[in-house]
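# What the coordinates show
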Amino acid sequence: MMEDKIIYKTAYGYAADAVLAAQKRINELCLPLRAYNAGHPLLSNTFVVKPAEDNSFERLSEQLGVCHA
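Residues numbered from 1 in each chain as written. Predicted model: local features only at pLDDT ≥ 70, side-chain atom pairs only at ≥ 80, totals over all residues. Heavy atoms only, no water.

## Here's the deal with the nonpolar core
Ranked by size, the top nonpolar core spans seven residues in total: Ala18, Val19, Ala22, Ile26, Ala35, Phe47 and Val49. When contributions to this core are tallied by element, the ones reaching two or more residues are helix H1 (15-28) and strand E3 (46-51). The element best represented in this core is H1, accounting for four residues. When near neighbours in sequence (up to four residues on either side) are disregarded, Val19 contacts Ala35, Tyr36, Asn37 and Phe47. (Core = buried A, V, L, I, M, F, W, Y, C linked by side-chain atoms within 4.5 Å. Buried < 20%, exposed > 50% of the residue type's maximum accessible area, 1.4 Å probe, protein only. Helix = DSSP H or I, 4+ residues; strand = E, 2+ residues; numbered from the N terminus. Contact = heavy atoms within 4.5 Å.)

## What to know about the environment of Pro51
You can see Pro51 is positioned in strand E3. In this structure Pro51 comes out as partly exposed when scored by relative accessible area, which is 43%. Through-space distance from the C-alpha of Pro51 to that of Ile6 is 9.8 Å; in sequence the pair is 45 residues apart.

## Re H1
When the terminal C-alpha atoms of H1 are compared, their 20 Å separation across 14 residues agrees well with the 20 Å that a helix rising 1.5 Å per residue should span. Here H1 has its buried residues at Ala15, Ala18, Val19, Ala22, Gln23, Ile26 and Asn27. Buried residues of H1, viewed axially, fall in a sector of 165 degrees; they line one side. Facing away from the buried side of H1, by more than 90 degrees, are the exposed residues Leu20 and Lys24. Cys30 occupies a position one or two residues after H1 and carries a positive phi of about 55 degrees. (Expected span 1.5 Å × (residues − 1). Arc of directions from axis to C-beta.)

## Some thoughts on the pattern of salt bridges
Pairing of side chains with opposite charge becomes possible as their charged atoms draw close. Following the criterion strictly, the structure yields one salt bridge and no others. For Glu28, the salt bridge identified is with Arg25, shortest N-O distance 3.2 Å. With Glu28 and Arg25 both in helix H1 and three residues apart, the pair spans about one turn of that helix. For Arg25, a relative accessible area of 48% puts it in the partly exposed group. (Salt bridge = Lys/Arg side-chain N within 4 Å of Asp/Glu carboxyl O.)

Below, the structure written as structure tokens:
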């Protein structure tokens, strides 16, 4: 855990699935976060969750739409 991000390690080959699951949960909870692969999606075992940099109107509208769906 770092000041502005959290680094997760998974088994090799599962980082891409973990990123998708993390982003789905982030969207469900309407959190201003993003999950990113920290390397090659198939070869890396690391992904990062950090604050969303695009807190634009479109992104906020998207989050609200997910929350109210």
